[in-house]
Every structure is written in C-alpha cells, then in structure tokens.
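# Summary of structural features
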Amino acid sequence: MYKSIIRPLLFKFDPEAVHHFSFKSIRLMSRLGITKLLRPVFNIEDKRLEREVFGLKFKNPVGLAAGFDKDAKLYQELSDFGFGFIEIGTLTPKAQSGNPRKRLFRLKEDEAIINRMGFNNGGVEDAVKRLKKNKSVLIGGNIGKNKVTPNDDAYTDYRICFEALFDYVDYFVVNVSSPNTPNLRALQDKEPLTQLLSGLQDLNTKKSNPKPILLKIAPDLTNEQLLDIIDIIKITHIAGVIATNTTIDKAGLSSANKAEQGGLSGKPLRNRSTEVIRFLATESKNAFPIIGVGGIHNAADAIEKLEAGASLIQLYTGFIYEGPQVIKKINKEIISRGL
C-alpha cells in the first residue's frame, strides 16, 4: 500500500513540505492511538534479534539514522514502526535555521536524495525538554557545531551538546562528516579529530556512568584516512564508528537533480558504504563495533552490511522510499539467516 498508493501521492509534493506533513500525520495518528494499534503490524518481538553492542542492549539491530527526527519530536511514535533504536539530531548548542530552501531533492530515478539542510534544528536544550519524557526508546544523540562557530572553537560546541544530552541519550555520535556545514569535514583530519574526541572522552570518563561515543565518518575518505580513523579510535578509546554519512560523489547518477549541491544518500551510496565498513572491520581486526548506514533499501542490503562487519544498521532514505514495512522485512531476514 505504501509504495503503490501513499508514496506516489507524497512524491508529487516538495520533499521538505512532505516531511513536515508526515510528522504532523504521524503525531495525529499517535494521539488517536493508531500507531500503538499498528505496533503488531510492524514489530517483531524475538530474542534472536537482540544485540548487545558497546554495553547497550538493542531489541533489534535496525535503527533510524540521524536527520529524520532532528529535534526529538517523534522518537516514540517512530519506534512503533519497529526500529530497535532512534538516533536524533544533528543537534547544535544554539538553534539555527540551516541553509536556504530549496535544500532537499528527490532523485527518483536513482532512488536517492540530495540534501543541503545545514544542521537545521531548534537547539539542544529544546530537544532535551522532549527527551525528558522518554521511558523506553533507546536513543542516540548526534551532535555537531553551529555554522558560525569556527573550527578552532568546535570543541566547545560539542562539549555543550554532550553535557546537555548526557542524562537523556544512551550513546553519542560526533558528526564531523556532514558536507553541508562549511569546513566541518576539515575536523576529520587526524590532529583536530584526535583532540576533539579526546576532549569528549575525558569528559565522559569522569562521569559515574560513561556513555558510548561514536564517530560518524564520510564515505569519501581515502584508505589512508580510514587507517587514521582506526588509529584515532585506538588513541581516544571511543566506542565505535558509524559508516557512513552522505557522499559528495555524484558520479553515475541519472536524475535531473544530480547537479544539486549537498550530500547524496540512498541506493547510489550502498556499495561505497559497504566497502568502508569492510575495510574498517578487516584492517582493525574487528577492534570496535560499526553501525552500517548507506543505501539500505531492502533485506539483502542490510544483510550485506552485517556480513561486511557491521554490528547494527540504520536507515533513512530507504525508509522514505520503501516505507515502514522494510524494517520488519529486514528483521525477518536476519532471523532467517541466523545472524
């Protein structure tokens, strides 16, 4: 029903407008009790799906990637669709509007999306108000810096977000790999990244209940840079990696929107993100967990990521193109494969 009726209708309208409309619709469905009624339709409760990764227990390994529920407005309702965990953000210390519209583009022929949103969000404290109401959803907090903050002062922004979210998320994700904030990706260089992660980890270890800190990396890194990432994880002792963020490589696209600036997600990213996962797992000898994300549109794509070395996976663009039923299909295949 989603792919034959709902998606064709939604895809007739502006993507960002549809996103906001979908949020309002899901919120209304929740208030009417419909999302709770749909839980048995989309959820699989099975011990074989449970995972313990970086000290956390996940009810299943399929999560929602950051960017969909930036401001923690819908995490409970989205979990009703079968996700094992929800990652919110990217959040910044101060609210910011992001880049000018139009900034979100469908590439229907390629089953992809280009976005140049620019960390639009209501600020970390605004999200915390809603996270205080969370009772059961496993939450990841994806954090970044404000656009106006120079890279030399980036640590302060990440520290503010870390401290504000600490009591309300289960793990952290340090986002230095979005292509839509000027110069942000320069923080992936070995020296500044080591300093940033070391600073956050120092804060973390002083807590009575340290939280896992993960690094989200770009798919556009070279093998030499990926080896640096492995070294940085050894030096800083962070918990793991999310591979990968969106790509700036638009080669091979057929859509008329392919020339738009921004990060590309969806099917064209699938192979590269899997290559990065496999490289990190192999070269590190599985020294740390990896959350695999990028181009997962069906169960086979998910299995590919897990077999390449991912412990968990996340969806975003695949969720938009395939609908919520894809989560259940992936979980059923994981059970079937005994993974």
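In this text, all values refer to a predicted model and were calculated from it rather than measured experimentally.

Definitions and cut-offs
Residues numbered from 1 in each chain as written. Predicted model: local features only at pLDDT ≥ 70, side-chain atom pairs only at ≥ 80, totals over all residues. Heavy atoms only, no water. Helix = DSSP H or I, 4+ residues; strand = E, 2+ residues; numbered from the N terminus. Pairing = 2+ DSSP bridges. Axes fitted to C-alpha atoms, helices over the stretch in contact; angles between N-to-C directions. Expected span 1.5 Å × (residues − 1). Contact = heavy atoms within 4.5 Å. Polar contact = N/O pair within 3.5 Å; in protein donor to acceptor, adjacent residues only side chain to side chain.

## Here's the deal with unusual backbone geometry
In this chain, Gly89 is followed by Thr90 through a cis amide linkage whose omega measures 15°. Going from Ala243 to Thr244, the amide bond is cis rather than trans, its omega being 15°. Within the secondary structure layout, Thr244 lies in the loop between β10 (240-243) and β11 (263-266). Even without a glycine there, the phi angle at Phe54 is positive, about 35°. Looking at the secondary structure, you find Phe54 in the loop between β1 (51-53) and β2 (56-58).

## Here we look at the sheet that holds β11
Strand order in the open sheet formed by 3 strands is β5-β6-β11, with antiparallel pairing between adjacent strands. The strands lining the two open edges of the sheet, one partner per strand, are β5 (104-107) and β11. The average angle at which neighbouring strand axes cross in this sheet is 25°, direction not considered. Of the strand pairs in this sheet, strand β6 (residues 112-115) and β11 are connected by 4 bridges, and their pairing is antiparallel. Looking at β11, one finds that Asn115 is bridged to Gly263.

## Quick notes on helix α2 (residues 15-31)
Over its 17 residues, α2 runs 24 Å from end to end, which matches the ideal 24 Å to within 8%, given 1.5 Å per residue. Elements that come into contact with the buried residues of α2 comprise α1 (2-10), α3 (34-42), α4 (75-79) and β5. In this structure Asp14 caps α2, since a side-chain oxygen of it lies 3.1 Å from the backbone nitrogen of Glu16. At the C-terminal side of α2, Gly33 shows a positive phi close to 80°.

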